[in-house]
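Examination of the molecular architecture
The primary structure of each chain is shown beneath.
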Amino acid sequence: MAPIDDPAGLLPLDRTQLDALREHLDAVIAAGGCDRSHRATDAWAAGHGIALDRLHEGLEEFGGFCDCEVVMNVDPVVVFDPATREAQAVSGPAAAGPSAR
């Protein structure tokens, strides 16, 4: 488990799970678009026994306020690599990429 002061510790997923979630969301969005909710995220999480409140909090910490934003903004490299996170913090949010918000 990540240390309490580690932002990745907010996310109740490991890197493999985050990759799987993003792949699932990418397929769902490609098939039917994004309804600006966490509907597909929640369905995936329910099938994997992931607590939704904590998952939403962690995804939103990285800019994932709906299913499409999880795909666009919650980059596993940023979430799980402290050096990348620090570089983005210094360079500002624009370096994180576009957001649909």
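Residues numbered from 1 in each chain as written. Predicted model: local features only at pLDDT ≥ 70, side-chain atom pairs only at ≥ 80, totals over all residues. Heavy atoms only, no water.

In this section: the overall build of the protein. Scanning the protein from N- to C-terminus turns up six helices and zero strands. Traced from its N-terminal end to its C-terminal end, the protein shows the element sequence α-α-α-α-α-α. Every one of the 101 residues in the protein was classed for burial, and the buried ones make up 33%. A separation of at least 24 residues holds for 68% of the contacts in the protein among residues at least 6 apart in sequence. Surface exposure of the protein reaches about 5700 Å², of which carbon and sulfur atoms provide 56%. (Helix = DSSP H or I, 4+ residues; strand = E, 2+ residues; numbered from the N terminus. Buried < 20%, exposed > 50% of the residue type's maximum accessible area, 1.4 Å probe, protein only. Contact = heavy atoms within 4.5 Å. Areas by Shrake-Rupley, 256 points an atom, 1.4 Å probe, with all protein chains shown as cover.)

Attention shifts here to the nonpolar core. Membership of the largest hydrophobic core comes to 15 residues, with the highest contact counts inside it found for Leu11, Leu13, Leu21, Leu55, Leu59 and Val74. Residue assignment for this core shows that the elements contributing at least two residues are α1 (15-32), α2 (39-48) and α3 (52-61). If we ignore the near neighbours within four places in the chain, the residues touching leucine 11 are Leu18, Leu55, Gly58, Leu59 and Val79. (Core = buried A, V, L, I, M, F, W, Y, C linked by side-chain atoms within 4.5 Å.)

Turning our eyes to something else, we now look at the environment of leucine 18. Inspection of the secondary structure assignment puts leucine 18 in helix α1. You can call leucine 18 buried: its relative accessible area is 0%. Along the chain, leucine 18 and valine 71 lie 53 residues apart, while their C-alpha atoms are 9.9 Å from each other. Those residues within four positions of leucine 18 in sequence are excluded, and the remaining contacts are Leu11, Leu13, Val74, Pro76, Val79 and Phe80.

Attention now goes to α2. What α2 keeps buried is the set Ala40, Thr41, Trp44 and Ala45. Viewed end-on, α2 has its buried residues packed into an arc of 135 degrees, placing them on one side of the element. The outward face of α2, more than 90 degrees from its buried face, is lined by the exposed residues Arg39, Ala43, Ala46 and Gly47. Tucked inside the fold, the buried residues of α2 contact α1, α3 and α4 (67-73). One or two positions beyond α2, positive phi appears at glycine 49, with a value near 65 degrees. (Arc of directions from axis to C-beta.)

Further remarks concern the confidence of the model for the protein. Looking at the protein, pLDDT values average 84 and 73% of them are 70 or higher. Below a pLDDT of 50 lies the segment residues 1-5, which in the model reaches three contacts outside its immediate sequence neighbourhood of four places, other chains included. Overall, residues 94-101 carries pLDDT values under 50, and its contacts beyond four positions in sequence, including any with other chains, amount to 13 contacts. (pLDDT = per-residue confidence, 0-100.)

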